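What the coordinates show
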Amino acid sequence: MFDVLKIRKDFPILSRKVNGKPLVYFDNAATSQTPQQVIDAIVNYYANYNANIHRGVHTLSQEATDLYEQSRLKIQAHFNAKFSHEIILTSGTTHSINLVANGFSALLKKGDEIIVSALEHHSNIVPWQMLCERTGAILKVIPMNEAGELVMETYTNLLSNKTKLVFTNHISNALGTINPIEYIIEKAHEVGAAVLIDGAQSCPHIKPDVQDLDVDFYVASAHKMCGPTGVGMLYGKEEWLKKLPPYQGGGEMIAEVSFEKTTYADLPHKFEAGTPNICGGIVFGTAIDYMNTVGFKNIAAYENELLDYATNQLKQIEGLKIYGTAKNKTSVISFNLDNIHPYDVGTILDKLGIAVRTGHHCAQPIMDFYCIPGTVRASFAFYNTKEEIDALVAGVKKAKMMLS
Ligand SMILES: *Cc1c(COP(=O)(O)O)cnc(C)c1O
């Protein structure tokens, strides 16, 4: 069934050395590694199909268009969207959120309220603050507790008929907390608010069903789920995507243009101005195929094993504190050692070939909550092993000895 050693052979980068040591890649929450199947698909596109899409009558252009649209169908199937035109291909999560936030400028008025969670990535905070500046809408925050969980009681108290939009991530990139989005969506809908879920950190671990969730918008990036950088998606319910005005003007997104009046193309093209990342869009589908072949049930079960194994060992190191101890969490461990700066720990680990992230993880409000400048974050994927975790634990012990 699930054979990690066989899976590792799909990832050429995992056999390289860093600073003379075998690479141990534990920065998966920042970006995932790329399997040979996806690398082959990139090469195949440029070697055999490279052409601009949706415009040419020539064969290459038609073949590239077919591949691009087939990939959209794969993404639709993966997220279980009702229509393929509810899938907008973007450059990533950040682009998708900005597209929606910009669109809501036309729908909000002064005094309307929008609700964000305390666990957000900066890309799910700043675009909404900009929206509030443009419209006079008010931003409210669902607080978090010491374990890194959202406080649902306060959330339901924040909701009112003034609430127009609620947005939160499905899984926190800084702490790994899995948020109760089913409940968040249900309660928001009771007051008539729309919900946007940032799935950048959930899509590498689970397969969301947007119809089952009844979510209004769901966004993700390909590069965190074995695909390339510079491509991602926005799922939006048809009724919402029809209501929102276009984000960018340009080619591809129009029906007819004259200097008197321009009419916009139908969905999804209304939101896809300009030449997109064609190769990335096509290969996004390949990455989804790859992850489905490994199987999301297998991925979740194996990553939970890695999380438990690593948590139990790291906890035993004296002076090590883990941030984010939610009951429901994925394979992310944020920690600090005594008063040692996370950057120093990360530097020593790098000398040992171990790649972790240090800093605020684009989530400064979370660091402010804990009164720390940042953490060391080790995030595991299905191609990591217990032996690699042993190397991390030994590395952290060594860093502690050298720095304290
Ligand atoms: C990575 C990440 C983002 C930003 O994704 P980009 O690919 O950089 O646009 C947003 N939210 C969360 C939770 C993330 O993990």
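The structure presented is a predicted model; accordingly, all values stated were derived computationally and were not measured. (Residues numbered from 1 in each chain as written. Predicted model: local features only at pLDDT ≥ 70, side-chain atom pairs only at ≥ 80, totals over all residues. Heavy atoms only, no water.)

Once that is clear, we can look at the UniProt feature "domain: Aminotransferase class V" (unreviewed entry) in the chain. Look at the UniProt record and you will see "domain: Aminotransferase class V" (unreviewed entry) annotated at residues 24–392. Regarding residues 24–392, the helix share stands at 39% and the strand share at 18%, and the terminal C-alpha atoms are separated by 8 Å. (UniProt positions renumbered as here; feature names shortened; annotations may be inferred. Helix = DSSP H or I, 4+ residues; strand = E, 2+ residues; numbered from the N terminus.)

The strand order across the open sheet formed by seven strands is 4-10-9-8-7-5-6, and the pairing between neighbours is mixed. The sheet is open, and its two borders are formed by strand 4 (87–90) and strand 6 (138–142), each paired with just one other strand. Across the sheet, the mean angle separating the axes of adjacent strands is 20° when strand polarity is ignored. Across four bridges, strand 4 lies against strand 10 (residues 232–236) in antiparallel orientation. (Pairing = 2+ DSSP bridges. Axes fitted to C-alpha atoms, helices over the stretch in contact; angles between N-to-C directions.)

Time to look at helix 2 (residues 36–48). Helix length check: helix 2 (13 residues) gives 18 Å between terminal C-alpha atoms against 18 Å at 1.5 Å per residue, within 8%. Taken residue by residue, helix 2 has Val38, Ala41 and Tyr45 as its buried positions. Seen along its axis, helix 2 keeps its buried residues to an arc of 55°; they face one direction. The outward face of helix 2, more than 90 degrees from its buried face, is lined by the exposed residues Val43, Tyr46 and Ala47. Residues of helix 2 that are buried make contact with helix 3 (59–79) and helix 10 (278–294). (Expected span 1.5 Å × (residues − 1). Buried < 20%, exposed > 50% of the residue type's maximum accessible area, 1.4 Å probe, protein only. Arc of directions from axis to C-beta. Contact = heavy atoms within 4.5 Å.)

This paragraph deals with the domain arrangement of the chain. By the assigned domains, the chain splits into domain 1 (4–28 + 295–403) and domain 2 (49–293). Distance from the C-alpha centre of domain 1 to the C-alpha centre of domain 2: 29 Å. Carbon and sulfur atoms make up 59% of the area that domain 1 and domain 2 hide from each other, which totals about 2600 Å². Considering only the surface of domain 1 that becomes buried against domain 2, Phe296, Thr330 and Ile366 emerge as the three largest contributors, covering 25% of it. (Domains from an automatic or database assignment. Buried area = accessible area lost by both parts, 1.4 Å probe.)

Note that Ser334 resides in strand 14 (residues 332–337). Of the residues examined, Ser334 reaches a relative accessible area of 0% and is grouped as buried. A polar contact is formed between the side chain of Ser334 and the side chain of Thr375, at a distance of 2.9 Å. (Polar contact = N/O pair within 3.5 Å; in protein donor to acceptor, adjacent residues only side chain to side chain.)

The buried count for strand 14 comes to six of six residues, which makes it a mostly enclosed element. Of the two faces of strand 14, the one holding Val332, Ser334 and Asn336 and the one holding Ile333, Phe335 and Leu337 are both buried throughout. Both strand 13 (residues 320–323) and strand 14 contribute to a ladder of four bridges, which runs antiparallel. Opposite Tyr323, over in strand 14, you have Ser334 as the bridge partner. As paired strands, strand 14 and strand 17 (residues 375–379) are joined by four bridges and run antiparallel to one another. If you follow Ser334 over to strand 17, its bridge partner there is Arg377.

This paragraph deals with the site of the ligand. Around the ligand, the structure places Thr93, Thr94, His121, Ser123, Asn173, Asp198, Ala200, Gln201, Ser221, His223 and Lys224. Side-chain polar atom of Thr94 to an oxygen atom of the ligand: 2.6 Å apart, as the coordinates give it. At a separation of 2.7 Å, an oxygen atom of the ligand approaches a polar side-chain atom of Lys224. In isolation the ligand exposes 390 Å². Once the protein is present, 86% of that is buried. Judged by its atoms lying within 2 Å of the grid points, the ligand is housed in the largest pocket. When grouped by side-chain class, the residues that make up the shell around the ligand number one nonpolar, eight polar and two charged. (Near = heavy atom within 4 Å. Areas by Shrake-Rupley, 256 points an atom, 1.4 Å probe, with all protein chains shown as cover. 1 Å grid on protein atoms, 1.4 Å probe; cavity = no way out; pocket = protein on both sides within 12 Å on 5 of 7 lines; lining within 4 Å. Sits in = over half its atoms within 2 Å of the grid points. Nonpolar A, V, L, I, M, F, W, Y, C, P; charged D, E, K, R; others polar.)

On to empty space enclosed by the protein, then. Considering all chains together, one arrives at one cavity of 30 Å³ or more under this definition. A volume near 100 Å³ is recorded for the largest cavity. What lines the largest cavity is a set of 17 residues, among which Asn28, Pro204, His205, Lys224 and Ala381 lie closest to the centre. The residue inventory of the lining of the largest cavity, partitioned by class, reads ten nonpolar, five polar and two charged. There are two domains that each give the lining of the largest cavity at least three residues, and those are domain 1 (4–28 + 295–403) and domain 2 (49–293). (Points joined across faces, edges and corners; volume = space filled by probe spheres on them.)

Here we come to the pattern of salt bridges. Within this structure, the stated rule accounts for 14 salt bridges. Arg72 is the salt-bridge partner of Glu69, the closest N and O atoms lying 2.8 Å from each other. Within this pair, Glu69 and its partner Arg72 are both found in helix 3, separated by three residues, close to a single helical turn. Overall, Glu69 belongs to the partly exposed group, its relative accessible area being 24%. With its nearest N and O atoms 3.3 Å apart, the salt bridge here joins Glu305 to Lys386. In this pair, Glu305 sits in helix 11 (residues 296–315) while Lys386 sits in helix 14 (residues 386–403), placing the two residues 81 residues apart along the sequence. Judged by relative accessible area, Glu305 falls into the partly exposed class, the value being 40%. (Salt bridge = Lys/Arg side-chain N within 4 Å of Asp/Glu carboxyl O.)

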